[in-house]
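# What the coordinates show
Listed below, chain by chain, are the residues.
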Amino acid sequence: MTTKPTLLIVEDEPSILRGLTDLFVFHGFNVESETDGQQGLDRALAAQFSCVILDVMLPSIDGFQICNAIRQHSQTQPILMLTAKNTEQDIINGLTLGADDYLAKPFSTSELVLRVSALIRRSGLALTETKLTINSHVNVCTQKLTGMSYAQNVKYTRREVAILSYLHLKTAPVSREELLKEVWDYKSTEHLDTRTVDIHIAKLRKKIESDPKSPQHLVTFRGEGYQLLTG
Ligand code: CA
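Computed from a predicted structure; not experimentally measured. Position labels on residues start from 1 in each chain and follow its written sequence. Reporting of local features is limited, given that this is a predicted model, to residues whose pLDDT is at least 70; pairs of side-chain atoms are given and counted only at 80 or more, and all residues count toward the totals for whole chains, interfaces and linings. The basis for every side-chain value is the complete set of heavy atoms in the structure, and neither hydrogens nor water enter the calculation.

## Considerations on the pairing of strand 3 (residues 51-55)
Within strand 3, five of the five residues are buried, which leaves the element mostly enclosed by the surrounding structure. Only protein chains enter the accessibility calculation, which uses a 1.4 Å probe; a residue whose area is less than 20% of its type maximum is buried, one above 50% is exposed, and one in between is partly exposed. Here a helix means four or more residues in a row that DSSP labels H or I, a strand means two or more in a row labelled E, and each is numbered from the N terminus. Burial along strand 3 is two-sided: Cys 51, Ile 53 and Asp 55 facing one way and Val 52 and Leu 54 facing the other are all buried. Seen with its strands pointing away from the viewer, a crossover is right-handed if its path from the first strand over the helix to the second goes clockwise. For the handedness criterion, the β-α-β arrangement of strand 3, helix 3 (residues 63-73) and strand 4 (residues 79-84) is classed as right-handed.

## A short note on the environment of Gly 98
Mapped onto the fold, Gly 98 is located in the loop between helix 4 (88-96) and strand 5 (101-105). Looking at Gly 98, the relative accessible area reads 3%, which means it is buried. In the structure, Gly 98 is positioned 94 residues away from Lys 4 in sequence and 25 Å away in space, judged by C-alpha atoms. Contacts are residue-level and defined by heavy atoms, with any inter-residue pair within 4.5 Å sufficient. Residues contacting Gly 98, with those up to four places away along its chain left out, are Cys 67, Arg 71 and Lys 203.

## Brief notes about the domain arrangement of the protein chain
Under the domain assignment used here, the protein chain contains domain 1 (6-123) and domain 2 (131-228). Relative placement of domain 1 and domain 2: their C-alpha centres are 23 Å apart. Listed as interface residues are 21 residues of domain 1 and, on the opposing side, 19 residues of domain 2. Together, Gln 75, Leu 95 and Arg 122 form the three largest contributors to the area buried by domain 1 at its contact with domain 2, with a combined 32%. Domain boundaries shown here were taken from an automatic or database domain assignment. A simple way to read buried area is as the amount of 1.4 Å-probe accessible surface that goes missing from two parts once joined, with both sides added.

## As for the coordination of the calcium ion
In an ideal tetrahedron of four donors about a metal, each angle is 109.5 degrees. In an ideal octahedron of six donors, the angles are 90 or 180 degrees. Coordination here is defined by N, O and S atoms within 2.8 Å of the metal (3.2 Å for Na, K and Ca), and since water is not considered, a site can look incomplete. Looking at the metal site, the calcium ion is ligated by Asp 12 (OD), Asp 55 (OD) and Met 57 (O), spaced 2.1 to 2.3 Å from it. Of note, the calcium ion draws all its donor residues from one chain, in the sequence arrangement D-x42-D-x1-M. One end of the pair, Asp 12, is in the loop between strand 1 (6-10) and helix 1 (14-26); the other, Asp 55, is in strand 3, and 43 residues separate them in sequence. Residue classification places Asp 12 among the partly exposed residues on the basis of a relative accessible area of 30%. According to the relative accessible area criterion, Asp 55 is buried, its value standing at 6%.

Following this line, the structure appears as structure tokens:
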């Protein structure tokens, strides 16, 4: 029985795919790959991978559609998207559709290995079964990744629940940098883009706030960060 983590890489550029495959095999991963979007999606839905790495521009269907379709089936599958540099809309799309993380091309290969390893490590941490009560209408089951919000059933990603769980432990605002370190496992937060945090917070507000534009629970403290106010 193998204990190696298995990645699925969906990337249509042969030289990049070859480079990524060599890189991850060198670091002790099993690597499966597809160069076509639809085939990548079929493969992703056929099994749970340690992590799925998605390019955005692909033949047949793009990385966003794959990400979205995976999330309809699995809230727990770790997904990292490779976006084009400085295409803010790509980054927002990817994270909004449920990617856990992204890296912009051209990326540093060591950074990519760190990010993927952190994602896998995090996903292996079983969240202890806790019911987070935000208020009398909103609660989250941390293991099932589901909850009720104003009489609606809501699904959460593992990352979203990890953010809520972390904030729930804190009694003061938490900075974006601290969240990237503690919830994303980033080693260094230098040069890091904190939009990842903001986009996840925006998604969470849509799920737990009665009026996401005027949050009462997931509150921004200017210059300090975010705090979760319950009750
Ligand atoms: Ca491509």
